[in-house]
Amino acid sequence: MTLMKWSAHFLTGIELVDRQHRHLVDLVNTVAPMLACNETTPAECLTLIDQLTDYAATHFRTEEECMRAGGLADSRL
């Protein structure tokens, strides 16, 4: 079961960010069916969700660093 289909819309042209986008899509497609089909225990569900959340947080930090490096940082921060 595929929840998210990979799309060129996820590409930014920044190799690291694009790799992370691909990995996030892969993680969602790995985790979603397991959760939807009750193939995991509650503890395993929490572990999977924590892994996805942690990776997403890492990815957003990477994007923010790229934006700062490119002079696109939010001036309100």
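Keep in mind that what you see is a predicted model, and the values were worked out from it rather than measured.

Thresholds applied
- Going along each chain's sequence as written, the residues are numbered from 1 onward.
- Two thresholds apply to this predicted model, a pLDDT of at least 70 for residue-level local features and 80 or more for giving and counting side-chain atom pairs, whereas whole-chain, interface and lining totals are computed over all residues.
- As a convention, hydrogens and water are excluded, and side-chain values are obtained from all of the structure's heavy atoms.
- Secondary structure follows DSSP: runs of H or I at least 4 residues long count as helices, runs of E at least 2 residues long count as strands, and numbering of each begins at the N terminus.
- Here's how the labels work: a residue is buried when its accessible area is under 20% of the maximum for its type, exposed when over 50%, partly exposed in between, all with a 1.4 Å probe on protein chains only.
- Should any heavy atoms of two residues lie within 4.5 Å, those residues are considered in contact.
- In this scheme, a helix's expected span is set at 1.5 Å multiplied by one less than its residue total.
- The rule for a salt bridge is simple: a side-chain nitrogen of Lys or Arg has to be within 4 Å of a carboxyl oxygen of Asp or Glu.
- Centres within 6.5 Å make a pair out of two Phe, Tyr or Trp rings, where for Trp the six-membered ring is used; the pair is then stacked when the planes are under 30 degrees apart, edge-to-face when over 60, and tilted otherwise.

Undergrad: Teacher, can you tell me more about the side chain of threonine 40 here?
TA: Among the structural elements, threonine 40 can be located in the loop between helix H1 (15-36) and helix H2 (42-69). A residue is classified by how much of its surface remains accessible, and threonine 40, at 14% relative accessible area, is buried. Residues within four places of threonine 40 in sequence aside, it is in contact with Met34, Leu35, Cys45 and Leu48.

Undergrad: Just checking my understanding: could you explain H2 for this structure?
TA: In this model, H2 (28 residues) spans 41 Å end to end at C-alpha, consistent with the 40 Å of a helix rising 1.5 Å per residue. Among the residues of H2, Cys45, Leu48, Ala56, His59 and Thr62 are the ones counted as buried. The elements touched by buried residues of H2 are H1. Just past H2, the residue glycine 71 takes up positive phi, approximately 75 degrees.

Undergrad: Looking at this structure, I do not really get the pattern of salt bridges. What am I missing?
TA: Pairing of side chains with opposite charge becomes possible as their charged atoms draw close. Summed over the entire model, instances satisfying the criterion amount to two salt bridges. Among the salt bridges present, the one from arginine 22 reaches aspartate 26, with a minimum N-O distance of 3.9 Å. Of this pair, arginine 22 and aspartate 26 both sit in helix H1, four residues apart, which is roughly one turn of that helix. A relative accessible area of 37% means that arginine 22 is categorised as partly exposed.

Undergrad: Just checking my understanding: could you explain the packing of aromatic side chains for this structure?
TA: The relation between two aromatic rings is expressed through the spacing of the ring centres and the mutual angle of the planes. If you walk through the whole model with that rule in mind, you get one aromatic pair. When the ring of tryptophan 6 is compared with that of phenylalanine 10, the centres are 5.3 Å apart and the planes differ by 45 degrees; the resulting orientation is tilted. Assessed through its relative accessible area of 27%, phenylalanine 10 is described here as partly exposed.

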